[in-house]
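# Chains, contacts and geometry: an overview
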Amino acid sequence: MENIGIDILLIEDNSNDAELAIAALQKNDVAKRIVHLKDGEVALDFLFGKGKYKGRNTDNKPKVILLDLKMPKVSGLEVLEQLTHNPLTQKIPVVVLTSSKEHPDVEKAYTLGANSYIVKPVDFENFRKVVNELGIYWLVFNQPLV
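Attention here is on the structure that accompanies the text.

Conventions we followed
Within each chain, residues carry numbers counting from 1 in the order of the written sequence. Confidence filtering applies because this is a predicted model: local features only for residues at pLDDT of at least 70, side-chain atom pairs given and counted only at 80 or more, and all residues used for totals across whole chains, interfaces and linings. The basis for every side-chain value is the complete set of non-hydrogen atoms in the structure, without hydrogens or water. A run of DSSP states H or I qualifies as a helix once it reaches four residues; a run of E qualifies as a strand once it reaches two. Both are numbered from the N-terminal end. Throughout, exposure labels follow a simple rule: accessible area from a 1.4 Å probe, protein chains only, divided by the maximum for the residue type, with under 20% read as buried, over 50% as exposed, and the rest as partly exposed. The term nonpolar core refers to a set of buried residues drawn from Ala, Val, Leu, Ile, Met, Phe, Trp, Tyr and Cys, joined through side-chain atoms within 4.5 Å. Contacts: residue pairs with any heavy atoms within 4.5 Å of one another. Two strands make a pair as long as DSSP finds a minimum of two bridges between them. By convention, a crossover is right-handed whenever its connection, traced from the first strand over the helix to the second and viewed with the strands pointing away, goes clockwise.

## Points about unusual backbone geometry
The residue Lys 73 is not glycine, and still its phi comes out positive at about 70°. Among the secondary structure elements, Lys 73 is positioned in the loop between strand S3 (62-67) and helix H3 (76-84). Taking relative accessible area as the criterion, Lys 73 reaches 62% and is therefore assigned exposed.

Right under this line is the structure:
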């Protein structure tokens, strides 16, 4: 993978949700460089330059990570914990974008350092709108710490 700038790292195992999110972010040129990874294990390898991403420039960090919680191999909460406890990744904003409204998930995500917790709207148009607004906020208005 090229060492180009990354606007958004989308970690999402549901291909339909990923396609909708990417389309929403690209529709109004909110984000041009989106990397989509399908599970937490691959995401950690990507972020820390391991496995098939060995040699990737880990200084090339995404401006924001959109993270699903319910994923195979390594859950979103496990990914979040590793990201927020590692100096290489702890300053990257992480927005949990998930279908879970369960209070324990919300509480655990914030305890582990999530910057925001958004429940995915079921309706396509609302989902598109929420993702587009997330992109605008985190890429245009937010002042990054990095």
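## What to know about the nonpolar core
Counting residues in each nonpolar core, the largest one holds 27 residues, and the members touching the most others are Leu 9, Ile 11, Phe 46, Ile 65, Leu 67 and Leu 83. Contributing elements (two or more residues each) for this core: strand S1 (6-11), strand S2 (34-37), helix H2 (40-48), S3, H3 and strand S4 (94-98). Among the elements that take part in this core, H2 stands out by supplying 5 residues, more than any other. Discounting residues that sit within four places of it in the chain, Leu 83 has contacts with Leu 44, Leu 47, Phe 48, Ile 65, Thr 89, Gln 90 and Val 94. Ile 8, Ala 18, Val 30 and Phe 127 belong to the second-largest nonpolar core, a separate cluster that totals 18 residues.

## Quick look at the pairing of S3
Burial analysis of S3 places 5 of its 6 residues in the buried class, the great majority of the element. Note that S1 and S3 share 5 bridges and pair parallel. In the sheet register, Ile 8 faces S3, and the bridge partner there is Val 64. Pairing analysis gives 3 bridges linking S3 to S4, with the strands arranged parallel. Within the sheet, the bridge partner assigned to Ile 65 lies in S4 and is Val 94. One crossover worth recording links S3 to the parallel S4 by way of H3, and it is right-handed.

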